[in-house]
Each structure stands twice: as C-alpha cells, then as structure tokens.
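So the chains spell out like this:
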Amino acid sequence: MTQKTPMLTGYRVLDITQIVAGPTCTRILAEMGAEVVKLELAPFGDRTRVGGLRSNQPEHKRCSQSTYFIQHNHSKKSLALDFKSERARELIKAMVPKFDVLVENFSPGVMARAGLSYDELKAINPRLVMCSISLAGQAGELAQKPGYDYVAQAYAGITDLIGERDGEPALITMAIGDASTGVAAAMAVGFALLHRERTGEGQYIETSLLDTYFNMHEVAVPRVSLREHHTPVRTGSQHPDGGPTGIFRCGDGSYLTLATLPHQWAAFVEALGQPELLKDERFATAALRRDHNEALKHILEGWLAGFTTRDEAIAALERHRIPCAPVLTLREAMAHPHLRERGVVREVHDPYIGRFDIPGPPARFSAWRVPGGLRADLLGEHNEEILKSLAGLDDDEIGQLYRDGVLVRDPLLNADREWTEKTEA
C-alpha cells in the first residue's frame, strides 16, 4: 500500500494542556497529521516531565525528558512560556489566527481571567474550534472543585461498584477516565472540524472526566431509575448479572476471565461435560443463574481444577466458542505477539532515556498507516521556530523574552547562553 497523507495534515492545534486527558486528545490529533504546538508553562513545563522515568546518564541529569511525558506528548512541538506574563498572553492572541484548534484543561475560569475565553478568541479567529477539558464541566455545583481521574470516578458512582461484596470500595489504579476523556475530546474536535468544513463556522466544545465516567455505566442507570429500592452492589471478581461471567481460578493457580451470555448457556454446559446442569432448577433461567452466581463459580472452578494448565482449560472452552482469556500480567500482555504485530505496543527511542515501550493508537485506517520513529520535544525545543513563523518575532525580540524569563528552554539546549551571546554581539 502506498503511504498516503495523514487525515489532519494542514490543520494546526494549540495545546495548552497537562497530565493525561488533554495531552491524549492532542496526541491523537498529532498522530493523525495535525501540527500540534504544545504550550508548556514556565519554568518546568508539563507536570509529567517530572514523572515517570528520567535519564540515568550524569550528563543528562537536568534533562526535561521523562517516559511519562514522551508517552502522552510525542509528535508535538514544545513552546515554553510563562503563562502568567502579560507578554506571553499577548503572544498567544497574536498566534491564535494561525490555529484551527485550541485545547485547554485549566480549571474553569482561568482562560477567561487571562483574557483568553472562547468569546475573546472567537473575535480574533471566528473559525477557531476550542475544546475545554475539566473535572466536572465549565459550570455547575462541582465546576470549581479541584480533582483528577479518581475524583471523577468517585462522583460518577463507579468507585462504589468496584471491590468485594463485603469489603471496601476499590480504586481503578490507571487513568481510564483521563484517557477516555481525551479520546472523546479528539472525536469531538474531529466532528467540529467537519462541521466547519461544511459551514465555515468554528465552535466551542467542552468535555469532562465526570461526564465520560458516567457514560461508562453499562445497564445499571435505567435499573436504578425505574426501581425505587434497587441498589447495585459490589460483586468482586464476578459480574453482577451472572452468566457465569467473571474471573476464575485455574488448577495451576493462575486465573482466566470468562464471559457467558444467556444464549451460550447450553454450549457452556457442553464444554464442562455436565449435561445435568441443564436440568438443575437453580440455573433454569439467566435470572436464576445470576442469583446462584456463587454456586456456578464453585462448579466452574472445580472443573478448571482438573486441568494441568490454564491453556488446556482455555482450549477446552474455546472448542465450544465460549469467550474467555488468560488474566495476563502487564509484562505478559506487552510481550503478546498479537499486540506487538498490531502496534498496540510500540517502541520509541529517546536519545536521553533510551528505548522503551508505549501504547499504540486505538484506531487503524485503510488509507494511512501510523509511522514509526516517534519523538518528543525537549522543553521549549521549538520556541524560536514557532515564535518566528506564527508570531512574527525576530531574534532580538526572542532574546529579550529569554532574558525577561517569559521564554524558557531545556538547559541541554543552551538557550540562555546562545541568546545572551547573540544579544551581546
């Protein structure tokens, strides 16, 4: 297949985001071909630059690069400004007409107080698509509440449903809400750009972690709404609707996960070689199987104990088309050939940290393939290029911004020394 131009080539995005949700949105846009300028806040840049793993080379001790930052911000250009400076905000306004999209995830109200609200920016660039990402939305009772993924998870009624029935609620220890909100924001930006292509009209978008998390509820919301006294309960490793569906212990001490829908009950019984279960009154309907979830778990784990290995048990289930999978460790998942071949796991090579794996993109396209050779900027690496091409500044003006502390750059780039020398000359 001939490599074709990425879908968003020709679009320019101003990324004023940090951590995961916002950077996920703009990273997706960058991978789809958009030129993404990441505006990082002086003096240290995106907060993830001090997270993850850093270079262990003495000569790179002060390097701004980290694995956390690279994973969520590769394929972007870094512009590092002191956002609190009036001069910096003037530069942002001067560049806005050159951008198609602006994505920000400050607390609600910060952009307006900086003179950068959508209404103000729309007056400068009516075609601008602006997306704000927050914990709980731009208005309402929770709008000003500080918080991250886990806070939204709790407010959405998710945390209360995770954990053992008689135990405490458990935490999902990965940024599922952040990442999903970033994907939702990227989707919304794409739709808004399509709308603009048809009408010429820009627009304002807002997404929130709380909205995204609440949208993840599968079937419980209508039940709670219609049944006055219905309260979902935690069910640990078992799905509350039975099946059997859940996580089960194998004979070798490992675990598998299995999902059996009502229409697969007969096939499941056949896989177990226990036809008497079809006549067992406890399991006569899907509702009864749900009510006797623990009994089904006991029967299934007794059957699994008869296999020497988990793989043998999975093979026996799959012969009857029962959906199941081994519960892999993260290291096992990263090494799985299927994930490697599809690029779900992909390798980056950073000159300061070395080679390491990061997740791949969540979508595939027939007309375009994701390129390799990913890299992430050092802090402020594209300062000069961006300010010259998009703000019309010259070397003297840029040098003054460095001396005033409005503009910063990774020490490895020797920006201060270079600009001081040019100015003195």
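Residues numbered from 1 in each chain as written. Predicted model: local features only at pLDDT ≥ 70, side-chain atom pairs only at ≥ 80, totals over all residues. Heavy atoms only, no water.

## Some points on the overall build of the protein chain
Right, on to step 1. When you go through the protein chain residue by residue, the secondary structure sums to 18 helices and 11 strands.
Right, on to step 2. With the C-alpha coordinates aligned to their principal axes, the bounding extent of the protein chain is approximately 90 × 50 × 45 Å.
Right, on to step 3. Expressed as a percentage of the 425 residues in the protein chain, the buried residues total 44%.
Right, on to step 4. For the protein chain, contacts bridging at least 24 residues in sequence account for 66% of all contacts bridging at least 6.
Right, on to step 5. Carbon and sulfur atoms form 53% of the exposed surface of the protein chain, whose accessible area is close to 22,200 Å².
Right, on to step 6. In the protein chain, 48 side chains carry a positive charge and 57 a negative one; their mean positions are 3 Å apart. (Helix = DSSP H or I, 4+ residues; strand = E, 2+ residues; numbered from the N terminus. Buried < 20%, exposed > 50% of the residue type's maximum accessible area, 1.4 Å probe, protein only. Contact = heavy atoms within 4.5 Å. Areas by Shrake-Rupley, 256 points an atom, 1.4 Å probe, with all protein chains shown as cover. Lys, Arg positive; Asp, Glu negative; His and termini not counted. Charge placed at Lys NZ, Arg CZ, Asp CG, Glu CD.)

## Some points on the sheet that holds strand β7 (residues 245–249)
Right, on to step 1. Here we have 3 strands laid out as an open sheet, ordered β7-β8-β9, and antiparallel in their pairing. Taken across any chain shown, the strands that pair with only one partner, and hence form the sheet edges, are β7 and β9 (324–326). Each strand of the sheet is rotated relative to its neighbour by a mean of 20°, with strand direction disregarded.
Right, on to step 2. When β7 meets strand β8 (residues 255–259), the two strands line up antiparallel, connected through 5 bridges. Residue pairing across strands places G246 opposite L258, the latter belonging to β8. (Pairing = 2+ DSSP bridges. Axes fitted to C-alpha atoms, helices over the stretch in contact; angles between N-to-C directions.)

## A closer look at the packing of aromatic side chains
The description of an aromatic ring pair uses the distance of the two centres, along with the angle that the planes make with each other.
Right, on to step 1. Applying the stated criterion across every chain, the model contains 6 aromatic pairs.
Right, on to step 2. Taken together, a centroid distance of 4.8 Å and an interplanar angle of 35° make the contact between F83 and F106 tilted. Note that F83 is positioned in the loop between β3 (77–81) and α3 (86–95) and F106 in the loop between β4 (101–104) and α4 (110–113), a separation of 23 residues in sequence. Like F106, F83 is buried. (Phe/Tyr/Trp six-rings, centres within 6.5 Å; stacked < 30°, edge-to-face > 60°.)

## Some thoughts on the sheet that holds strand β5 (residues 129–134)
Right, on to step 1. The 6 strands lie next to each other as β3-β2-β1-β4-β5-β6, forming an open sheet whose pairing is parallel. Either end of the sheet is taken by a strand with one partner, and the two such strands are β3 and β6 (203–208). Recorded for the sheet is a direction-independent mean angle of 20° between the axes of neighbouring strands.
Right, on to step 2. Here strand β1 (residues 12–16) pairs with β4 via 4 bridges, running parallel. Bridged to V13 within β4 is V101.
Right, on to step 3. On the sheet, helix α16 (residues 383–391) packs against β1, β2 (35–41) and β3 and is oriented at approximately 85° with respect to β3.

## Examining the side chain of H217
Right, on to step 1. Tracing the sequence through the fold places H217 in the loop between α8 (209–214) and α9 (220–226).
Right, on to step 2. Taking the relative accessible area as the measure of exposure, H217 reaches 18% and is therefore buried.
Right, on to step 3. Only 2.8 Å separates the side chain of H217 from the backbone oxygen of A156, close enough to count as a polar contact.
Right, on to step 4. Setting aside anything within four residues of it in sequence, one finds H217 in contact with A156, G157, I158 and L161. (Polar contact = N/O pair within 3.5 Å; in protein donor to acceptor, adjacent residues only side chain to side chain.)

## Some points on the environment of R310
Right, on to step 1. On the secondary structure map, R310 appears in helix α13 (residues 310–318).
Right, on to step 2. Given the relative accessible area of 12%, R310 is considered buried.
Right, on to step 3. Residues R310 and A363 lie 53 residues apart in sequence; the distance between their C-alpha atoms is 31 Å.
Right, on to step 4. Excluding its chain neighbours within four sequence positions, the residues that come into contact with R310 are C250, D252, S254, Y255, L256, P326, V327 and L328.
Right, on to step 5. Among the polar contacts listed, one links the side chain of R310 to the backbone oxygen of V327, at a separation of 3.3 Å.

## Regarding the packing of α3 against α16
Right, on to step 1. The geometry of α3 relative to α16 is characterised by a closest axis approach of 9 Å and an angle of 55° between their N-to-C directions. Taken together, α3 and α16 sit at an angle that is classed as oblique. The chirality of how α3 crosses α16 is left-handed. The segment α3 lies against α16, with L91, A94 and M95 engaging I386, L387, L390 and A391.
Right, on to step 2. For the contact of α3 with α16, a count of residues per class yields 7 nonpolar, no polar and no charged. (Parallel < 35°, antiparallel > 145°, perpendicular 65-115°, else oblique. Left-handed = near helix turned anticlockwise from the far one by under 90°. Nonpolar A, V, L, I, M, F, W, Y, C, P; charged D, E, K, R; others polar.)

## Let's talk about helix α17 (residues 395–404)
Right, on to step 1. Three or more residues of α17 are buried, namely I398, G399, L401 and Y402. For α17, the angular spread of the buried residues around the axis is 155°, confining them to a single face.
Right, on to step 2. Taking the backbone nitrogen of D396 as reference, a side-chain oxygen 3.2 Å away marks D394 as the first, capping residue of α17.
Right, on to step 3. A positive backbone phi angle near 80° is found at G405, which sits one or two residues after α17. (Arc of directions from axis to C-beta.)

## Looking at the side chain of D410
Right, on to step 1. Looking at the secondary structure, you find D410 in the loop between α17 and α18 (415–424).
Right, on to step 2. Buried within the structure, D410 lacks any salt-bridge partner; its nearest side chain of opposite charge belongs to R49, at an N-O separation of 5.7 Å.
Right, on to step 3. Of the polar contacts made by the side chain of D410, one reaches the side chain of S64; its length is 2.4 Å.
Right, on to step 4. Here the side chain of D410 touches L412 through a polar contact of 2.7 Å, landing on its backbone nitrogen.
Right, on to step 5. If near-sequence neighbours (up to four positions away) are discounted, D410 is found in contact with R62, C63, S64, L378 and L379. (Salt bridge = Lys/Arg side-chain N within 4 Å of Asp/Glu carboxyl O.)

## Points about the nonpolar core
Right, on to step 1. Formed by 33 residues in total, the largest nonpolar core has its most connected members in C25, L29, I133 and V189.
Right, on to step 2. Put simply, the parts of the chain that give this core at least two residues each are α1 (21–31), β4, β5, α7 (176–199) and α8.
Right, on to step 3. A total of 6 residues in this core trace back to one element, the largest contributor, which is α7.
Right, on to step 4. Not counting residues up to four positions away in its chain, the partners in contact with V189 are C25, L29, V101, C131 and I205.
Right, on to step 5. Formed by 32 residues, the second largest nonpolar core is a distinct cluster that contains L91, M111, Y118 and L401. (Core = buried A, V, L, I, M, F, W, Y, C linked by side-chain atoms within 4.5 Å.)

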